[in-house]
Amino acid sequence: MPNPNLNVSLLKPEEAEQYMRIRHQVFRSTVNKVLYSRGEPSQKTLDRVTEEIRDGVVNKGILYLKCIDKSTGEMTAGARWRCVKPKEEGAKERTWEEVEAGFQLPEPYDESDLEIFEGLHNLFTTNKREILGTRPHYVLDTLVTLPDHERRGAGSMLVRWGCERADEAGVEAYLEASIMGAPMYARHGFEAVKEVDLDLSKFGDKEKMSFILMLRPAKRERTP
Ligand SMILES: CC(C)(COP(=O)(O)OP(=O)(O)OC[C@H]1O[C@@H](n2cnc3c(N)ncnc32)[C@H](O)[C@@H]1OP(=O)(O)O)[C@@H](O)C(=O)NCCC(=O)NCCS
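Scoring rules and cut-offs
Residues numbered from 1 in each chain as written. Predicted model: local features only at pLDDT ≥ 70, side-chain atom pairs only at ≥ 80, totals over all residues. Helix = DSSP H or I, 4+ residues; strand = E, 2+ residues; numbered from the N terminus. Rg over C-alpha atoms; globule rule 2.2 N^0.38 Å. Buried ≥ 20, exposed ≤ 12 C-beta atoms within 10 Å, placed from the backbone. Pairing = 2+ DSSP bridges. Axes fitted to C-alpha atoms, helices over the stretch in contact; angles between N-to-C directions. Contact = placed C-beta atoms within 7 Å. Near = placed C-beta within 6 Å. Nonpolar A, V, L, I, M, F, W, Y, C, P; charged D, E, K, R; others polar.

K.L.:
What's the story with the overall build of the protein chain in this structure? I'm lost.
P.N.:
Assigned secondary structure in the protein chain consists of seven helices and seven strands. Reading the helices (α) and strands (β) of the protein chain from amino to carboxyl end gives β-α-α-α-β-β-α-α-β-α-β-α-β-β. For the protein chain, whose C-alpha radius of gyration is 17 Å, the value lies close to the compact-globule estimate of 17 Å for 224 residues. In terms of principal-axis extent, the alpha carbons of the protein chain reach across some 45 × 45 × 35 Å. Put simply, the protein chain has 224 residues, and 27% of those count as buried.

What follows is the structure, given as structure tokens:
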């Protein structure tokens, strides 16, 4: 059941910085090591991330969500969903050109190590190409809940939001789960397809980072 004290809605452009801060804090010990392997991101980098979020909301139709604790007004969690569909009206599948255009490597940050940054990008895109092909889908790129607000249902509400849209459109949903997030996604109907690792050892770091690639089947035929 959704938590009645929490509210999920679309992020406004002026809230991009708040979202960036939550993401930055939650990902500090994990994803940030891949994005900013060479050191703590500068204010310039954080401003760039904020601008990318704002631009995504305003110009790119990216579905950024926020979760607000109604009793305090605090933003406690956020998510980034995308609807990936054919450009051509009425087409059932994307063209391979459209698929490849969506896989272009973003510009690394000043603090990125190119090899690690590209390593994660290639790991994700290779598997998306193989698992999703040209099929339209919803994809959950990011899900973050502030540590003090975990296990209150924010993550589930943000996942449900996108799953409901995928069901309305009759398409699959996809994500790269952290080990921590996977059980929650399974409760929402996502099925593990494959586990993949990003090897960080060759970069002087002993760790590897593991992800579970998960696909949620379409509920019914796609609406035209
Ligand atoms: C995974 C995450 C998004 C869950 O958010 P949330 O708001 O706590 O989600 P919910 O309250 O709806 O669901 C809680 C479930 O998430 C998992 N979870 C949340 N906090 C956890 C923790 N500290 N330790 C282990 N599992 C945890 C559990 O499966 C939990 O279910 P349970 O309480 O029945 O055991 C959040 O913990 C987070 O941001 N983690 C770090 C970043 C991350 O891994 N993001 C997912 C990337 S795919």
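K.L.:
Even after reading the chapter, I still don't get the sheet that holds strand 4 (residues 137–145), so can you show me in this structure?
P.N.:
Reading across from one edge, 1-2-3-4-5-7-6 is the order of the seven strands in this open sheet, with mixed pairing throughout. Where the open sheet ends on each side, the last strands, each with one partner, are strand 1 (6–10) and strand 6 (191–199). Adjacent strand axes in the sheet meet at a mean angle of 20° when their direction is disregarded. Taken together, the six bridges between strand 2 (residues 63–69) and strand 3 (residues 75–84) define a ladder with antiparallel strand orientation. Note on strand 3: the bridge partner recorded for Leu-65 is Ala-79. This element, helix 1 (residues 16–26), spans strand 2, strand 3 and strand 4 of the sheet and lies at about 100° to strand 3.

K.L.:
What exactly am I supposed to notice about the site of the ligand here?
P.N.:
Taken together, 18 residues lie near the ligand, and Thr-145, Gly-155, Ser-156, Ser-178 and Gly-181 sit nearest. Only strand 4, helix 6 (154–169) and helix 7 (182–187) provide two or more residues apiece to the shell around the ligand. Residue composition of the shell around the ligand, by class: nine nonpolar, six polar and three charged.

K.L.:
How should I be thinking about unusual backbone geometry in this particular structure?
P.N.:
Trans peptide bonds make up most of the peptide bonds, and negative phi angles are found at most residues other than glycine. You will see that Arg-151, though not glycine, has its phi angle at about 65°, which is positive. By secondary structure assignment, the location of Arg-151 is in the loop between strand 4 and helix 6.

K.L.:
Hey, could you run me through the environment of Ser-9 in this one?
P.N.:
Locating Ser-9 in the fold gives a position in strand 1. In this structure Ser-9 comes out as exposed when scored by C-beta crowding, with 10 C-beta atoms within 10 Å. Along the backbone, Ser-9 and Glu-93 are 84 residues apart, and their C-alpha atoms lie at a distance of 29 Å. With residues near it in sequence (within four places) discarded, Ser-9 still touches Leu-65 and Lys-66.

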